[in-house]
Each structure stands twice: as structure tokens, then as C-alpha cells.
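One letter stands for each residue in the lines below.
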Amino acid sequence: MRFPENANYFHFITILLLPECVSGSIIGGEVSLYIQLRRNAPESRLLGIRGAQMPEQPITETVLSDQPATRGSERGGVAEEAGAAKALDGTQALIEENELLRNEIKRLEKLHKKTARVYNQVQELKPYQAEFIQLQQCLERRGKKMIVIFEGRGGSGKGGTIRRITRYMNAKHYRVVALGKPTSEERSQWFYQKYVREFPGAGDLVLFHRSWYTRPLIEHVFGFCTAREYQDFMEGVGGFEMDLVNQDIILVKLYFSVTREERARRFEQRRDDPLQRWKLNEIDLEVEEHREEVTEAKYEMLRNTHTVHAPWTIIRSDIKQQARLNAMKVILSAVDYERLDPDLDLIPDPEVAISGAYELERMEATRLRQGKLLGSHAAFLGSGGNLTAKRGRTG
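By convention here, each chain's residues receive numbers from 1 onward along its written sequence. Whole-chain, interface and lining totals are the exception, using all residues; otherwise, since this is a predicted model, local features are given only for residues with pLDDT of at least 70 and side-chain atom pairs are given and counted only at 80 or more. Side-chain figures throughout are based on the complete set of non-hydrogen atoms in the structure, without hydrogens or water.

## What to know about the packing of helix 5 (residues 214-222) against helix 6 (residues 227-246)
Under this scheme, a helix contributes an axis fitted over its contacting stretch, all axes are lines through C-alpha atoms, and angles between N-to-C directions fall in the 0 to 180 degree range. Helix and strand definitions follow DSSP, with helices as H or I runs of at least four residues and strands as E runs of at least two, each counted in order from the N terminus. Between helix 5 and helix 6, the least distance of the axes is 10 Å, while the angle of their chain directions is 165°. Taken as axis vectors, helix 5 and helix 6 run roughly antiparallel relative to one another. Helix 6 is crossed by helix 5, and the crossing has left-handed handedness. Every residue of helix 6 that contacts helix 5 at R215, P216 and H220 is listed here: E229, Y230, F233 and M234. Residues belonging to the contact of helix 5 with helix 6 are distributed by class as follows: 4 nonpolar, 1 polar and 2 charged. Oblique is the label for every angle not falling under 35 degrees (roughly parallel), over 145 degrees (roughly antiparallel), or within 65 to 115 degrees (roughly perpendicular). We call a crossing left-handed when the near helix sits turned anticlockwise from the far one by less than a right angle, and right-handed when that turn is clockwise. Contacts are assigned to residue pairs that have any heavy atoms within 4.5 Å of one another. For this classification, the nonpolar set comprises Ala, Val, Leu, Ile, Met, Phe, Trp, Tyr, Cys and Pro, the charged set comprises Asp, Glu, Lys and Arg, and every other residue, Gly included, is treated as polar.

Structure below.
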């Protein structure tokens, strides 16, 4: 029985049109249906066609037969089945290729978004980097000296911030100092001697990537100094810094604070990236095992060394761009100089750049809620305390 030539037929299958003629067959018992697609199909790779109308002129003769198939027709049916299987293999290959292309498009879109984000971040920092050039020139003209201290746990963003600050500055008039473990000779010297050796001359700026505050934060926690050395530091650092300020040195102290989750993410990224793996060191990895002790050391440091003449500023650094921007604002605001752009906003975000006094209050409230008001803390209050205690705070 032959289909009428002018009949319209609809099929409800999902197919992938191939660029060459292929045949497909659906066989059920003695009923065979053959469909051949034209080479010049309008969309050779169109996916997901549903309810497409068959052409008015059948491409192949489609016959329904209720008679037993001859041997020749059986051989033809086998050949058609083989062709159909081959066509399905080609279809599957094109589907896989299509999936690869989709994934590549997604990767490129993600890369484009990241590139655009990085570009915008670079542009956002440039007005402040220009101000640092202006600040540096002002220090040179006036013969001023400036020290900026960057403290915080490993992975908190200190190094990245320093690189952004010094990106366009005159290398002749600034230095970044990152001292290693003290030698046996340095251990026999006055504790501050190796740092004083790095102090700026007239018109210079020195940025300490970790400073003398390694004593209360690292050496004390890991037992690299004695209890007497730690106590001497706590009692003497206030006077040492007051002498620096009295000698007309501009001193800025920044502590970068990062959450445990973000710090772990950054460490994992460094492990996987051979270009950043050098940033990992044994002490930074061990600090996480002593997180509570380091937090306690931070609290004691702020309580004893946050003073009027040398205050601390805490930088919340989970979001790197915000940390860098607000650290720049804090440093620029600490110096009275002729601005390059008087309209540039130099007011730090209070949610990112936080006073050391406020950080102390927050930590004390946390300690009280958790029942961790330690005996040494209470004893300190009983002894009169320092400036923060005399102002009426609980430590």
C-alpha cells in the first residue's frame, strides 16, 4: 500500500539533522518505515525538532506491506539497520561535540566576567595609587619619615595590599621590609635593633610586612621567646613607639583580620597554584592549629598596645578589594599633605576599617558571652590597666 504523494504527515520524534543523507528505520514485525533526509536540509545541525512537517514530495517510497518479506528485502532491511546504527553513532558524536562547545562557551563567559571584574578593580584603585605618589613627593619635600606596619595571620591579604600601594611609587624612596627568623646574632642583640636598622631616612617610606609585633603574636604563642621577654615587650613597646612619634616619624599600624573559612580557601588556592605555593610556610599552616591561642594573643596585644599616639586599625579582609581600598584610605588619611584630587573620598568604610578600640570592645563582649573572662584579664583591670581600661572599658 503506497502513501498518496500529496499527503501531509507529522512525526513526533526528536532528531539531529545531519549534513549528509542518512537513512533511519523503525521495524516492528513485518511493517517497515524508511525515512531519508535530504543533504541540503536548511538546518544541518538543528537540535530538538518536534512536530516537524514531512515534505509534500516523499523523498523515498514508503511502503506498508502485509506480505512476507523476500530474502532480498531482508538483506536490504539489514543494510538499512546498519546505516541507521551508523547514523545514530554520528548523531551521538555531534551531541557530544555540542556539549563540549557549550562548556567552552560557559568557560569563556566566566573568563570574560573575571577579566572585566579585575579591570574594574584596577581602575578603582588608580586614583588612590596616584595619591600615594603625591604623598611620597610630599614626604620628600618636607624630609618626613613614615612607617606602616602590616600585621595579621597568613593569608589575610597583607602582601597583596602592599603590592597595590607601591605599584607606581618611586622605588628610590620606599622599601618593603619582611624580615625572616632571627639569627643567633640578632637574638643576642637588643630586640628592636634589627628593625631600627631598617627605619626610613628623611623623605622615605618603609612598609613592614610583619614587624616587632611578631613577638606577642608568633613568638609568644609558639614558645620562641621566654615569658620574661614577652612581658618586657608588652611593658616597653608603648614607650618605644612614643619615642618614634616624638622624633617626627609618622607611624601607622594595620592588622588584617580574615575569617577561618576564607583563610582556608586561600590556602587551598595557594597549594593548587605553583605560582603562589611559595607563600605557604610552616608557621602559617600551624597557626590554624593554635587559632584560639593566636586570638588570645591578638586580644592581649590590642589591649596593651592600642594607644593614642600609636593606635591600631583593624582591616576586615575577607573581600580583598575592599581591604586594599580601605587600607589605602587609612594610610593616606594619616598624613597631612597636598592632595592630588581634593574631591577623592578618603574616609574609610567603618564596616571594613575598624578602630582598635572598637575591636577590643567586640572581643571583650564575645569573651563575656562565652564565659572566657580570664584571670589575667581581671588581674590587669585590678592593677589599673592602660589607657583603654582607664576610659571605663572592661579591658
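## Looking at the nonpolar core
To form a nonpolar core, buried Ala, Val, Leu, Ile, Met, Phe, Trp, Tyr and Cys residues must be joined to one another through side-chain atoms within 4.5 Å. Relative accessibility decides the category of a residue: with a 1.4 Å probe and only protein chains considered, values under 20% of the type maximum give buried, values over 50% give exposed, and everything between is partly exposed. Of all hydrophobic cores here, the largest spans 37 residues; its most connected members are F199, F208, W212, Y213, F233 and M301. When residues of this core are traced back to their parent elements, those giving at least two are strand 3 (145-152), strand 5 (205-209), helix 5, helix 6, strand 6 (249-257), helix 9 (291-305), strand 7 (312-316) and helix 11 (356-369). Counting residues in hydrophobic clusters, the runner-up holds 33 residues, among them I165, L254, A327 and V352.

## A look at the sheet that holds strand 7
When DSSP finds at least two bridges between two strands, those strands are taken to pair. With mixed pairing, 6 strands are arranged side by side in an open sheet as 4-5-3-6-7-8. The open sheet has two edge strands, strand 4 (174-177) and strand 8 (353-355), and neither has a second partner. The sheet shows a mean angle of 25° between the axes of neighbouring strands, direction not considered. Where strand 7 meets strand 8, 3 bridges bridge the pair, whose relative direction is antiparallel. What sits directly across from I314, in strand 8, is I354. Contacts from helix 10 (residues 320-333) reach strand 3, strand 6, strand 7 and strand 8, with the element oriented near 160° to strand 6.

## Some details on the side chain of K329
For K329, the location among the structural elements is in helix 10. Judged by relative accessible area, which is 8%, K329 ranks as buried. Each residue touching K329, except ones within four places of it in the same chain, is listed here: Y128, D345, L346, I347 and P348.

## Remarks on the pattern of salt bridges
The working definition used for a salt bridge is a side-chain nitrogen of Lys or Arg within 4 Å of a carboxyl oxygen of Asp or Glu. Counted according to the given criterion, the structure contains 17 salt bridges. Between R141 and E338 there is a salt bridge whose closest N-O contact spans 3.1 Å. Note that R141 is positioned in helix 1 (residues 71-142) and E338 in the loop between helix 10 and strand 8, a separation of 197 residues in sequence. Residue K298 pairs with E359 through a salt bridge whose shortest N-O separation is 2.9 Å. On the criterion of sequence distance, the pair formed by K298 in helix 9 and E359 in helix 11 is long-range, its members being 61 residues apart. A residue is classified by how much of its surface remains accessible, and K298, at 5% relative accessible area, is buried. Salt bridges here are not isolated pairs; linked through shared partners, they connect K298, R316, E359 and R362.

## Topic: the side chain of T161
Along the polypeptide, T161 turns up in helix 2 (residues 158-165). Since its relative accessible area comes to 1%, T161 is described here as buried. Sequence-distant contacts of T161, that is, excluding residues within four places in its chain, are made with F150, F256, R324 and A327.

## Overview of the packing of aromatic side chains
Between rings of Phe, Tyr and Trp, where Trp is taken as its six-membered ring, a pair exists when centres lie within 6.5 Å; planes separated by under 30 degrees are stacked, by over 60 edge-to-face, and by other angles tilted. For the structure on display, the rule yields 19 aromatic pairs. For the ring pair Y192 and F233, a centre distance of 6.2 Å and an interplane angle of 25° mean the geometry is stacked. Here F233 lies in helix 6 and Y192 lies in the loop between helix 3 (184-187) and helix 4 (193-196), a separation of 41 residues in the sequence. Judged by its relative accessible area of 8%, Y192 falls in the buried class. By relative accessible area, which is 3% here, F233 ends up buried. A cation sits over an aromatic face here: R167 above Y168, 4.7 Å from the ring centre. To sit over a ring, a charge needs its Lys NZ or Arg CZ within 6 Å of the ring centre and within 35 degrees of the ring normal.

## Quick word on the pairing of strand 7
Counted residue by residue, strand 7 has 4 buried out of 5 residues, so it is predominantly covered. The pairing of strand 6 with strand 7 spans 5 bridges and is classified as parallel. Across the sheet, Y255 pairs through a bridge with I314, a residue of strand 7.

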